[in-house]
Amino acid sequence: MFRKHTFLLILTVLFIGLVACGNNDAGANNQGNENGSNDDVVIDFMHLWPAGSSRQHNEIVQEIVDEFEADHPGVTIDMEILGNEQYRENLSVIGAANELPDVGMTWAGGFIEPYARGDMFTDLSDLVTDDFVPGTAEAYEVDGGIYGLPLELNITPVYYNQAIFDEHGLSVPETWDEFKEVVQTLVDNDVTPITVGNRDAWTGSMWYMYLADRIGGPAALNDAISREGSFEDPALIEAAAQIRELVEMDAFINGYNGLGNDEAKGYFINEQAAMYLMATWDLPEWTTNDDNPQEFRDSVGYFKFPTVEGGAGEINSYVGGPGVGLFVSEQSDVKEEALEFVSYFVERWGEMSVTDAGVIPATTVDTEGLDLPQMYIDILDDLNEATNLTLYADVQMSASTADVHLNMIQAIFGGEVTPEEFAERQEQALSDED
Amino acid sequence: MNKVMSNKWIIALYVLPSLILLGALVYIPIVMTGYYGMMQWDGIGEMNFIGLDNYVHLLQDSTFWFSARNSFLLALFSTLSLIMYLVVSLVLSGKIKGSDLLRKIYLIPMLLSSVAIAQLWIKIYDPNNGMLNSLLRTIGVENPPAWLSDRSTVLIAIFIAIIWQYAGFYIIIYSAALKGIPASLIEAAEIDGATPLQIAWKIKVPLISGVIKTTVILAIVGSLKYFDLIFVMTGGGPNGASEVIASYMYKEAFGRYNFGYGSALGFALLILALLTTWVIQKVMATKDDIQY
Amino acid sequence: MTVLSAVGEKNSLKRIGYAILYFVLGLIAVFQIYPLVWLFFFSLKGNAEIFGRSPFALPEDWLWENYARVWTSGNMNTYFFNSVFITVSAVILTVILASLVTFAITRMNWKLNKFVLLLFMVGYMIPIHSTLVPLFQFFLNLNLLDNPVSIVLAYTAYNMPLTIMILMGFYRTLPREIEEAAVMDGCSVHRIFFQITLPMTTPVLSTTMIINMIYNWNEFVFVNTFISSDRYKTLTVGIQNFVGQYLTDWGAIGATLMISIVPILVAFFFLSNRIVEGIAAGSIKG
C-alpha cells in the first residue's frame, strides 16, 4: 500500500513543483509599480532600535529622520523597526528574495561579504570622510569597496568591582602574572574572579583574542584569519593554553558554558563576580542606567587588558570594532536620495549619539565641553592613544568559519580539546574556505 | 454506505479548498526547498546548480548525524512521556474531585510562549543561583552539575523542559477522548464489579487506542522538527552538544548563509520524518485501521 | 463482624490511596502553575533583581510601572487587536476546513482518501523554517506581503495537518449509526455534516480550537517575516520590541508576556467549559 501511495505522492509533488516554477516569472514583474507614479520620493529605511528596548537610540533616529525630511521637501522616510535578532533573520529572508530596503543596517566583516559580492549593497567609498576613526570604515571593506558606514565604535576593557578589589587588598594588574595573582587571591577568598557568558561564545572569544594579541602581537591572529599566516602559530596555541590555565585556576564563574551574556552580566551587577570583560556598549550600565544600584555603579572601574611578559602585544592595543553601520541597497530606485540620507545620518549621529544615547560613534568626538560621565571621557581619551584595534574574530571571519571558531572557544573553555587541537581545527576550517 | 456518501462533487467540495491551500503554502515551498538543496547558494547572490552534492555531503556530515541522534533521542523521550500523560488523564477521568480544574491547570505551561518558558528554565538551571542547584545544595549535594554547561547533562535538562511544556497538550487530547466514551459503558462495567484499574486498562485504553496512536505520531514527528526551546536555552551548545536537526538547519541557512545546504537539511528532515512515520504505522498497524 | 472490619479496612486503605493520589495530582498542579506565578513576579522586578536574586523571591519593590511603561509605549492596542483578529480568523477557518476534510476522509467513500490523508500528514512533518524563503517569494508574487491575509492563510495551512490528525482519532471512535440512519432518512450530506457530525464532535472541536488558538497567539516567525508595518503586527512580535541589543528591559518583557497571556487564559477557560457543555448536550441527543 505504502509504495503505491508514495509513488502517487511523488507524482503529485512533481506536478505541483512544475506549476510552481511556471508561476514564478509571471508574478515577478508586479513589484516595480509601488513607488513609480508618485512625485514624492519614499526611502524605505530599516533599523534595529525599537523604542521599547533602545529608547534613546530610537529617539535620535526619529529626530534625524524628521530633520532630514524637513530639509528635503518631497522626501519621506518610511521606517521599519525590528529587534536585533529579528532584524538579522528578516534581512536574510528579504535578501534571498531580493527585496532589501533602500537603506538599512548591517554588521561589519564577514557579515557583509555575501551582500557586497552579490551586488546587493552599494559601494559607499565616496562617502567615507576623514571624520571616521581610522580602521572603522575599513571593517566594512570587501574587495576594495566599502559597503557600510559605521555608526558605533566599541573597544573592550576589563570592568572590575573596586569594592571587591579593595576588600581583598588588590590593585589593578598591569601584567599577566599580576592578573593571575589577583585571580588566585580572589579564588582563595571564595570570590568568583571573572564572569563570562560563554553560551554566547563571542564573549569567551574576547578573552582568547586579547591573549593572542598580547602574546603574538596584533598580526598573529589577523594573519591567521586573512591566510597570510597560520592558526597553528605558537602564539595562538599558547593563548589557548593560557585560557586552559585560567579555567583550571577556577577563574571563571561556575557553569560559564551554559550561561548567556545577560546572565553573566547579572552576576557582575549583583556583585557576585569581580571582573567582566565586555565592550564599551555596556558603559551606560555602569554610569547612567538607573536600574542598577548607585552604589554598584560607583564601584565599577575598568582597566586595560594586561600585557604578557615577553609577548609582542602592547597595552594600548584593543580588541573591538564598529557595531552596526548603514548600507544602501544597490537596487534602490531612489539611490541618490538614499546616499544623501546616509551621509546626513552619519554626520548628525556623530554629533548626538554620545551625549544623548551614550554610544561612542565611529566618527571622532571632541570631548571638550561635553557633559559626560568620567568613564566616557577616559575611554574616549584611551581611544585617541590606541595603537591598534583588532576586529572581533567572529566578525572578521566568514559566517561558517566564525561558527567553528565559536564552537572551539566553547570547547577550549570546557576542556574538550587541547590547545593544539583548538588551533588545528580552526586552521582546517580557514584553509577549507580557500 | 450508499450513493449519497460517494458523491464526488461533495467530496471535492470538502477536500479541495484545503488541499489547494496546503499545496500553495506547504507543498510548493517544500518542493522549492528540495530544489534549493541542489544549489550552492548563499541566499543572496547567484545560485549554482550542484546536483546532489549537498545531499552527499549531508550523508558524511558528522554534525548532521549527531544532531539527528539528538532529535531521535528527543523523540524517544517524548514518546515514553506519553505514558505518564496517559496515566494522569486516566486518573483525571475517574471520580476525582476538581478534575476539571486540575486539567486546566496542567495546560498552563502550553499557554506561555517558548521564549518565556526558556527564560524560566534557564533560571531554574542556573548553576549558582538557580532553583535546582539551591535545592540540591540544601539536601547536601556538594558540587551539583552546571546543567546547561555540561555536555553530559545538557540534553536531559532540555528534554525535561520540553516534556514539561507539552504535558498539557497531550493531557487535553487524552481527556477529550476519554470524555467521548459513553458513560453507559463504564456504568455497565461498574455494575459487573470491575475495579477502576480494570476499567481504565480494559475499557478506556482500548477505546481510545486510535487517539493514542495519533499522539505517538504527533510526539515523534513533533520532536524530530523541534527547535524553539533548545535554540533559546543553549543555541545548540556547548560546542554542539545539544544540536538538533532543526537548529542545525536554521544555523546553516540563516546563520552561515549556506542556504543551499540549509535547504538540503530541511528536506532531509522531511524524509526522515516520513520514514519514521511509515515505520510507526507498520509497527502499530492493526487490521481495523486505515493503512497508509 | 469480620466482614464489616474487612470493609472498614478496605475503606481506609482506599482513603489513603486517594490521599496519595490527590497529593500527587496537587504536586503536578504546583509544577504546572508555577511558571505563571514566576512570570507574574518576574514582571514586577527590575533587571538587577531578575539576574541577581533567586527566581523565587518576591519582588523587592513591586514595579507596577513596568506595566504602565509597556502599555503606553505605543501600539499595544493595535497589536492586541491584530492578535485577536488573526487568531480568531485562522482558528475558525482551520477548524471548519479540517472538519470538512476529516469528514470526507472518514465518512465518505472514495478511492484516494488514504492518499489524501497521507498528503495532509506530510504537511505536519515540515519545519516552518525550511519553507520560509519560498513562502516569502510566494506572498511577494501575490502581493500579499505586509497583509494580515498572508498570516491567516499561513496559520491555517500549517496548523491544518495537526488539526486533522487530532480530529481523525475522534472520528474513528465516533459511532456511525446516527449518520447511517440519517442517510436512510434521505438527509443530504451537508445536513449530516453540519447538524449531526459537527455537534457530536464538540469536545474535540474545543480541544483543537484551544490548541490552534495557543499556537496562533504565540506564533512569531511568520509575522516577523511577512509583516513589515507596525499596524499589522501582533502582540507576540510587539513584545520583541523590548528585547534589546545591549540593554534589555526584562521586567517590561515579563509585563508584556503577562498582558499577552491573560486574554488567552480567559479564552481557554471559556472554551474548556464548552467541552463539558458539549458532552452534556451530546449525551442528551445520543
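Residues numbered from 1 in each chain as written. Chains lettered and ligands numbered in written order. Predicted model: local features only at pLDDT ≥ 70, side-chain atom pairs only at ≥ 80, totals over all residues.

**Observations regarding the overall build of chain A**
Here's step 1: When its secondary structure is counted, chain A shows 17 helices and 14 strands.
Here's step 2: The C-alpha atoms of chain A give a radius of gyration of 24 Å, which matches the 22 Å a tight globule of 434 residues would have.
Here's step 3: A total of 434 residues make up chain A; the buried ones form 48% of that total.
Here's step 4: Pairs at least 24 residues apart make up 76% of the contacts formed inside chain A by residues separated by at least 6 positions. (Helix = DSSP H or I, 4+ residues; strand = E, 2+ residues; numbered from the N terminus. Rg over C-alpha atoms; globule rule 2.2 N^0.38 Å. Buried ≥ 20, exposed ≤ 12 C-beta atoms within 10 Å, placed from the backbone. Contact = placed C-beta atoms within 7 Å.)

**Observations regarding the overall build of chain C**
Here's step 1: Per the secondary structure count, chain C includes 13 helices and 0 strands.
Here's step 2: When its helices and strands are written in sequence order, chain C yields α-α-α-α-α-α-α-α-α-α-α-α-α.
Here's step 3: Counting across all 286 residues of chain C, residues that qualify as buried make up 53%.
Here's step 4: For chain C, the proportion of contacts with a sequence separation of at least 24, taken over those separated by at least 6, is 76%.

**So, the interface of chain B and chain C**
Much of the literature gives interface size as the accessible area that the parts lose upon coming together.
Here's step 1: With 76 residues of chain B at the interface, the matching set in chain C holds 74 residues.
Here's step 2: Top element by residues in the side of chain B that touches chain C is helix α1 (residues 8–36) of chain B. It accounts for 17 residues.
Here's step 3: Looking at side-chain class alone, the side of chain B that touches chain C contains 55 nonpolar, 16 polar and 5 charged residues. (Nonpolar A, V, L, I, M, F, W, Y, C, P; charged D, E, K, R; others polar.)

**Some thoughts on helix α7 (residues 148–173) of chain C**
All names here are of chain C.
Here's step 1: Given a rise of 1.5 Å per residue, 26 residues ought to cover 38 Å, and the 37 Å separating the end C-alpha atoms of α7 matches this to within 8%.
Here's step 2: Roughly 40° is the biggest bend found in α7, and it falls at M160, with proline P161 one to four residues downstream.
Here's step 3: By the criterion of burial, α7 is predominantly enclosed, with 23 of the 26 residues buried. (Expected span 1.5 Å × (residues − 1). Bend = angle between axes of the 7 residues up to and from the residue.)

**Notes on helix α3 (residues 55–71) of chain A**
Here's step 1: In this model, α3 of chain A (17 residues) spans 24 Å end to end at C-alpha, consistent with the 24 Å of a helix rising 1.5 Å per residue.
Here's step 2: In the core, the buried residues of α3 of chain A are packed alongside β1 (41–47), β2 (75–81) and α13 (335–357) of chain A.

**Focus: the domain arrangement of chain A**
Residue and element names in this part refer to chain A.
Here's step 1: According to the domain assignment, chain A contains domain 1 (40–153 + 322–365) and domain 2 (156–319 + 391–433).
Here's step 2: Distance between the C-alpha centres of domain 1 and domain 2: 30 Å.
Here's step 3: Of the residues lining the interface, 9 residues belong to domain 1; the matching set on domain 2 comes to 12 residues.
Here's step 4: Across the side of domain 1 that touches domain 2, the residue classes tally to 4 nonpolar, 4 polar and 1 charged. (Domains from an automatic or database assignment.)

**Remarks on the sheet that holds strand β14 (residues 388–391) of chain A**
Residue and element names in this part refer to chain A.
Here's step 1: Reading across from one edge, β7-β12-β14 is the order of the 3 strands in this open sheet, with mixed pairing throughout. The open sheet has two edge strands with one neighbour each: β7 (154–155) and β14.
Here's step 2: Here β7 pairs with strand β12 (residues 317–321) via 2 bridges, running antiparallel. In the sheet register, N154 faces β12, and the bridge partner there is G321. (Pairing = 2+ DSSP bridges.)

**Things to note about the pairing of strand β8 (residues 158–161) of chain A**
Residues and elements named next belong to chain A.
Here's step 1: In β8, alternate side chains face the same way, and those of V158 and Y160 on one face and Y159 and N161 on the other are all buried.
Here's step 2: As paired elements, β8 and strand β10 (residues 273–277) share 3 bridges and run antiparallel to each other. Counterpart to Y159 in the pairing with β10 is Y276.

**Focus on unusual backbone geometry**
A negative phi angle is the norm for most residues apart from glycine, just as the trans form is the norm for most peptide bonds.
All names here are of chain A.
Here's step 1: Although it is not a glycine, D143 adopts a positive phi angle of roughly 50°.
Here's step 2: Tracing the backbone shows D143 in the loop between β4 (141–142) and β5 (145–146).
Here's step 3: With phi around 60°, E271 is a residue other than glycine that occupies positive phi space.
Here's step 4: Checked against the element boundaries, E271 lands in the loop between α10 (261–269) and β10.
Here's step 5: Residue E271 is classed as partly exposed on the basis of its 18 C-beta neighbours within 10 Å.

**Describing the environment of I162 of chain B**
Here's step 1: Note that I162 of chain B resides in helix α7 (residues 154–179).
Here's step 2: When sequence neighbours within four positions are dropped, the list of residues in contact with I162 of chain B reads L74, Y226 and L229 of chain B.

**With respect to the sheet that holds β8 of chain A**
Residue and element names in this part refer to chain A.
Here's step 1: Within the open sheet, the 4 strands sit side by side as β9-β10-β8-β11. Their pairing is mixed. At either end of the open sheet lies a strand with only one pairing partner, and these are β9 (192–194) and β11 (300–303). Strand after strand, the sheet turns through a mean of 20° between neighbouring axes, direction not considered.
Here's step 2: Relative to β11, β8 is paired through 4 bridges, and the arrangement is antiparallel. By the bridge assignment for β11, N161 is matched with V300. (Axes fitted to C-alpha atoms, helices over the stretch in contact; angles between N-to-C directions.)

**With respect to the nonpolar core**
Here's step 1: One finds A212 and L236 of chain A together with V101 of chain C to be the most contacted residues of the largest nonpolar core, which totals 304 residues.
Here's step 2: The biggest single contributor to this core is α7 of chain B, with 18 residues.
Here's step 3: Apart from residues lying up to four places away in sequence, L236 of chain A is in contact with A212, G216, A220, L221, A224, F231 and A423 of chain A. (Core = buried A, V, L, I, M, F, W, Y, C linked by C-beta atoms within 7 Å.)

**Quick notes on the environment of W107 of chain A**
Here's step 1: As for its position among the elements, W107 of chain A is in strand β3 (residues 103–107).
Here's step 2: The contact partners of W107 of chain A, leaving out residues within four places of it in the chain, are V324 and V395 of chain A.

**Comments concerning the packing of helix α12 (residues 245–255) of chain B against helix α13 (residues 259–284) of chain B**
All names here are of chain B.
Here's step 1: Packing of α12 against α13 leaves a shortest axis separation of 7 Å and a crossing angle of 160°. Taken together, the axis directions place α12 and α13 in an arrangement best described as roughly antiparallel. Regarding α12 and α13, the two cross each other, and that crossing is left-handed. Residue-level inspection shows I245, A246, Y248, M249, E252 and A253 of α12 in contact with α13, the latter providing F259, Y261, G262, S263, L265, G266 and L269. (Parallel < 35°, antiparallel > 145°, perpendicular 65-115°, else oblique. Left-handed = near helix turned anticlockwise from the far one by under 90°.)

**Observations regarding the confidence of the model for chain C**
Regions with low pLDDT should not have their predicted coordinates read in detail.
Residues and elements named next belong to chain C.
Here's step 1: Within chain C, residue pLDDT values average 82, and 86% of them lie at 70 or more.
Here's step 2: Within chain C, the lowest mean pLDDT, 68, falls on helix α2 (residues 47–52), and the highest, 92, falls on helix α4 (residues 76–107).
Here's step 3: Residue range residues 279–286 is modelled with pLDDT below 50. Its contacts to residues more than four positions away, or to other chains, number 6 contacts.
Here's step 4: Scoring the predicted complex yields pTM 0.84 and, for the interface, ipTM 0.84. (pLDDT = per-residue confidence, 0-100.)

**Quick word on the environment of N216 of chain C**
Here's step 1: Tracing the backbone through its elements, the reader meets N216 of chain C in helix α10 (residues 202–218).
Here's step 2: Along the sequence, N216 of chain C and Y155 of chain C sit 61 residues apart, while their C-alpha atoms lie 6.7 Å from each other.

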